[in-house]
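# Structural characterization, general
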Amino acid sequence: MINNEHNPIAIRISNVQDLWIENREKFPDAKIYCLVCEPTDYQIVEGFIRLEASEHGCTSDIIVGFKADYDDKTDFYKFLIKTWIDSFSMDVEKNPDWDWADFSSFKSELTSVSSLSADKLRDLYIRLVTSFKTFVGNDNLLGITLFISRIGDVEALNEVIKDIAERLPAGVALILIDYKKREVYDILLSEMKGKICLIDIPNQNMTGAYKEIATQGNPQDPNVKYRKCLFELGEAASKGNKDEAKKLGHELIRLSREIGGTAFMASSYLMFGGFMVKFHREAGFCHDLFDKGIALVLPKYHDEQDCAQILLQLYNYKGTVHSYNKDITEAIKQFMTAVRIAKEVNMKTEVVNEYNYALLMALKKDRLTYEPILNEAFEYGYSFSDEDLKIINLSFIASTYLDKTYSLDSSKRDEISKRMSDLYGEDWQLSTKELAAKLDAEYSLRNPK
């Protein structure tokens, strides 16, 4: 049990620990434990797993965790095997007395996994887990947590999880995490009754937890007042209470002046305006707030990186408001202004991001609008080294360039495609659709409720 009754996060992790202990006692032989939580509580569940995987866990269970995506079972098995061996390789350097007798053999087998079929990879994974269970002993449960983020095929994932679970040796179980109403593992629940334990985690009110943390301290301290005001502003906006939100926003600005700091004060205008964006007929008010923030940081952004970061966000929000009001030309202008600023301060990642936003807007218009931006963005990003592009994702711009530039000869087209494939994988163009959807979600405002 976490012994910190005054820490809101610790209290909530402790709640999950209690549920885990209760369900482990009721279902000691389950092959799968599925923790189902609200999306806002995911970090609490992840915190519980991380705690139990450390020496500070509250149970005798041995918990390990692996973050993965699921595209197909062959790659999934390869990832699980490689990650397990890589993780143990790092752990054994810190603990040279650990003697997993079969480890060197499995490490040798790792070199040939690329040639194995899915079934042979599965069997290798089960052998690896079985051997590791022998190494750690039979007195404790070995819980293998799979944090699966992107799922290409839900039905196939359920099939693979079931295939693994049914072959696990005694004393080993899988731990899965799902969101309420997402129900990714419904097939498992129906097909593995009696072997699967569903742990329903009640809403942990994380908003309340963050508010408790933020407002801890002397209530007369301007910083505490500011954090309290910020949470109340967010609550008012989420409830659609425009008048209360404006009142709290102006108080937020007042407190930011009392605390001081150019970037801090400008960020307060940014947050106030950001909350007000959702309200109808407040575009002018929002632009006024963003412009006041811009006026604060504009003289200092060349010398202070914090001011540069805030300045870019302020222009992004101005572009967003214009986009919401269907003024695509003005939205593009704001994003391209952000491009210029990011170039001036040599913030390469931000330059590409701003080009992405500008291009996303420009593509809604005609070729005369988007072509100059597309060419400029591609020429800028494609000139980076491969090392830079492994960090800065150019796939959306490159894919759009290939799609929209009809004058490219086949050799240049092949060169670009090969370089992108080498950098981002064979399905790099598929990821651009996801990126475009993400950008659209971030910078195309939804109708407020």
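Up top is the structure these notes are about.
What counts and how
- Numbers given for residues are sequential positions, taken from 1 along each chain in its written order.
- In view of the model being predicted, local features appear only for residues whose pLDDT reaches at least 70, and side-chain atom pairs are presented and counted only at 80 or more, with totals across whole chains, interfaces and linings using the full set of residues.
- Hydrogen atoms and water are omitted, and side-chain values are computed over all heavy atoms in the structure.
- Helix and strand definitions here come from DSSP, where helices need a minimum of 4 consecutive H or I residues and strands a minimum of 2 consecutive E residues; each element is numbered from the N-terminal end.
- We call two residues in contact whenever any of their non-hydrogen atoms come within 4.5 Å of each other.
- Per-residue and other accessible areas follow the Shrake-Rupley method at a 1.4 Å probe size, with only the shown protein chains counted as cover for residues.
- For the charge count, each Lys or Arg is scored as positive and each Asp or Glu as negative, with His and the chain ends excluded.
- The atoms used to mark charge sites are NZ of Lys, CZ of Arg, CG of Asp and CD of Glu.
- Note on terminology: pairs of cysteine sulfur atoms within 2.5 Å are recorded as disulfides.
- Here the term cavity refers to a set of points on a 1 Å grid, laid over the protein atoms alone, in which a 1.4 Å probe fits but cannot get out; the term pocket refers to an open set having protein on both sides within 12 Å along at least five of seven lines, with lining residues being those that place an atom within 4 Å of a point.
- Grid points are joined across faces, edges and corners, and a volume is the space filled by probe spheres set on the points.
- Residue polarity follows a fixed list, in which Ala, Val, Leu, Ile, Met, Phe, Trp, Tyr, Cys and Pro are nonpolar, Asp, Glu, Lys and Arg are charged, and the others, Gly among them, are polar.

### Here's the deal with the overall build of the chain
When its secondary structure is counted, the chain shows 20 helices and 5 strands. Within the chain, contacts between residues separated by at least 24 positions form 69% of all contacts whose residues are at least 6 apart in sequence. Only carbon and sulfur atoms are counted for the fraction: they give 49% of the accessible area of the chain, which is about 22800 Å². Of note, the chain has its 56 positive side-chain charges centred 5 Å away from the centre of its 71 negative side-chain charges.

### Points about the state of the cysteines
One pass over the full model with this rule turns up 0 disulfides. Of all cysteine sulfurs, the one in Cys197 lies closest to Cys58, which takes part in no disulfide; the gap is 15 Å.

### Topic: empty space enclosed by the protein
Applying the stated criterion across every chain yields a total of 1 cavity of 30 Å³ or more. Here the largest cavity is characterised by a volume of approximately 40 Å³. In terms of lining residues, the largest cavity is bounded by Lys73, Tyr77, Glu159, Val160 and Asp163. Sorting the residues of the lining of the largest cavity by element identifies α3 (73-94) and α6 (154-167) as the ones contributing at least two each. Ranked by the residues each element gives to the lining of the largest cavity, the list is headed by α6, at 3 residues. Of the residues that constitute the lining of the largest cavity, the class distribution is 2 nonpolar, no polar and 3 charged.

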